[in-house]
Amino acid sequence: MTIEYPSQSWKDYELIDSGRGFKLERFGDFILSRPEPKALWDKSMSDQEWDRLTHTRFTPGAGFAKAGKEDSGTWDRLRKMPDQWWIQYGGGPRFSLRLGLTSFKHVGVFPEQAPNWEYIHRQTARIAEATGSRPKVLNLFAYTGGASLAARSAGADVTHLDSVRQVVTWAHENQDRSGLDGIRWVVEDAMKFARREERRGNRYQGIILDPPAYGHGPDGERWKLDECLYEMMKSVSRILEPKDSFLVLNLYSNGFSALLGETVVRQAFGLESSEGLESGELALRDRFGKNLPLSIFVRLER
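Residues numbered from 1 in each chain as written. Predicted model: local features only at pLDDT ≥ 70, side-chain atom pairs only at ≥ 80, totals over all residues. Heavy atoms only, no water.

1. Notes on the overall build of the protein chain
Right, so step 1: Looking only at helices and strands, one finds 7 helices and 17 strands in the protein chain.
Right, so step 2: Taking the principal axes of the C-alpha coordinates as reference, the protein chain spans close to 60 × 40 × 40 Å.
Right, so step 3: Within the protein chain, buried positions represent 52% of all 302 residues.
Right, so step 4: Of the contacts made within the protein chain by residues no fewer than 6 positions apart, 63% connect residues no fewer than 24 positions apart.
Right, so step 5: Carbon and sulfur atoms make up 48% of the accessible area of the protein chain, which totals about 13600 Å².
Right, so step 6: Charge centroids of the protein chain, computed over 42 positive and 42 negative side chains, lie 2 Å from each other. (Helix = DSSP H or I, 4+ residues; strand = E, 2+ residues; numbered from the N terminus. Buried < 20%, exposed > 50% of the residue type's maximum accessible area, 1.4 Å probe, protein only. Contact = heavy atoms within 4.5 Å. Areas by Shrake-Rupley, 256 points an atom, 1.4 Å probe, with all protein chains shown as cover. Lys, Arg positive; Asp, Glu negative; His and termini not counted. Charge placed at Lys NZ, Arg CZ, Asp CG, Glu CD.)

2. Describing helix H5 (residues 190-200)
Right, so step 1: Of all the residues in H5, the buried ones are Ala190, Met191, Phe193, Ala194 and Glu197. For H5, the angular spread of buried residues about the axis comes to 165 degrees, placing them on one side. When the buried face of H5 is taken as reference, the exposed residues oriented beyond 90 degrees from it are Arg199 and Arg200.
Right, so step 2: Buried residues along H5 sit in contact with strand E9 (136-140), strand E10 (157-162), strand E11 (184-187), strand E14 (222-224) and helix H6 (225-237).
Right, so step 3: With a side-chain oxygen lying 3.4 Å from the backbone nitrogen of methionine 191, the N-terminal cap of H5 falls on aspartate 189.
Right, so step 4: One or two positions beyond H5, positive phi appears at glycine 201, with a value near 80 degrees. (Arc of directions from axis to C-beta. Polar contact = N/O pair within 3.5 Å; in protein donor to acceptor, adjacent residues only side chain to side chain.)

3. Examining the packing of H6 against helix H7 (residues 258-269)
Right, so step 1: Between H6 and H7, the least distance of the axes is 8 Å, while the angle of their chain directions is 50 degrees. With respect to each other, H6 and H7 are oriented oblique. For H6 against H7, the interelement crossing comes out right-handed. Every residue of H7 that contacts H6 at Leu229, Tyr230, Met233, Lys234, Val236 and Ser237 is listed here: Val264, Val265, Gln267, Ala268 and Phe269.
Right, so step 2: Class assignment of the residues belonging to the contact of H6 with H7 gives a composition of 8 nonpolar, 2 polar and 1 charged. (Axes fitted to C-alpha atoms, helices over the stretch in contact; angles between N-to-C directions. Parallel < 35°, antiparallel > 145°, perpendicular 65-115°, else oblique. Left-handed = near helix turned anticlockwise from the far one by under 90°. Nonpolar A, V, L, I, M, F, W, Y, C, P; charged D, E, K, R; others polar.)

4. With respect to the pattern of salt bridges
Right, so step 1: Scanning the entire structure with this criterion turns up 23 salt bridges.
Right, so step 2: Between glutamate 25 and arginine 34 there is a salt bridge; the shortest N-O distance is 2.8 Å.
Right, so step 3: For glutamate 198, the salt bridge identified is with arginine 238, shortest N-O distance 2.7 Å. Here glutamate 198 is found in helix H5, whereas its partner arginine 238 is found in the loop between H6 and strand E15 (246-251), with 40 residues between them in sequence.
Right, so step 4: Residue glutamate 198 is classed as partly exposed on the basis of its relative accessible area, which comes to 27%. (Salt bridge = Lys/Arg side-chain N within 4 Å of Asp/Glu carboxyl O.)

5. Things to note about unusual backbone geometry
Right, so step 1: A positive phi angle is found at phenylalanine 141, which is not glycine, with a value near 55 degrees.
Right, so step 2: Tracing the sequence through the fold places phenylalanine 141 in the loop between E9 and helix H3 (146-153).
Right, so step 3: Of the residues examined, phenylalanine 141 reaches a relative accessible area of 15% and is grouped as buried.
Right, so step 4: Look at tyrosine 143: it is not a glycine, yet its phi comes out positive at around 55 degrees.
Right, so step 5: Structurally, tyrosine 143 can be placed in the loop between E9 and H3.
Right, so step 6: Accessibility expressed as a relative area gives 21% for tyrosine 143, which makes it partly exposed.

6. What to know about the sheet that holds strand E12 (residues 206-209)
Right, so step 1: Overall, mixed pairing links the 8 strands, which are arranged E1-E16-E17-E15-E12-E9-E10-E11 in an open sheet. In this open sheet, the two edge strands, each paired with only one partner strand, are strand E1 (2-4) and E11. Across the sheet, the mean angle from the axis of one strand to that of its neighbour is 20 degrees, orientation sign disregarded.
Right, so step 2: Relative to E10, E9 runs parallel, the two sharing 4 bridges. Within E10, the residue paired with lysine 136 across the bridge is aspartate 157.
Right, so step 3: The sheet contacts of helix H2 (residues 114-131) involve E1, E9, E12, E15, strand E16 (277-285) and strand E17 (291-301), and relative to E15 the element is tilted by about 170 degrees. (Pairing = 2+ DSSP bridges.)

Okay, here's the thing in structure tokens:
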């Protein structure tokens, strides 16, 4: 198992400090304080120092940590800043991301995903060189599209799928601002789409999944990670090309480990060994050397 962090060459993001259930982050020119349940330790800086640096602080609402309202709350501005702004990702792939202060704590990007973006970019380029063609990449539960942009910037034909139309529109803005085009946008339930692609005989050289713990499709389809993940992975196994292909599975659920994720993939794909598989954690490191683990990943290279 490996632990991976965003590259220090990414100048538009930094985890400044973490502790007592919060994280202090810089996104471009603005510094945000947000709840982070995994930050179980003490802050390295004083509350006064946090307040001095912070542009806006997320205050959890009455429903915070309750089902359906896990991340609800409000932003309290301590210094002047806009509701929306742009940052640049400048690792292997290069693209723009619009950030915004949503009522659910999120801002439109999960910075710890940067190592996955780098992997997706490398694998897409590898397959394009090996096959002499444009790899087809499917991004399920695709959110605002960092992974889609990473694949597209390496020359892939990308299908970007999410069940929330507003999020797909957000991802489209990111594509346009990045000077890219040609991504196929789909508002659909991920399980339905994967099963339909299987019936149609469609195959992909790259498949990316970042499923939530709970969710709903555009027509009310129910998603619960514990109940649906294995069936989803079996469907994915039948639409991923057996050669010159890759898979990225990312999981945020606290009850999941890298070993569990790897076992799910092995069983769903019928793999007799772990050859071509890697798994680990994605984490952020603050200025004081404290490591904040945020998700686990499983990758399959063929």
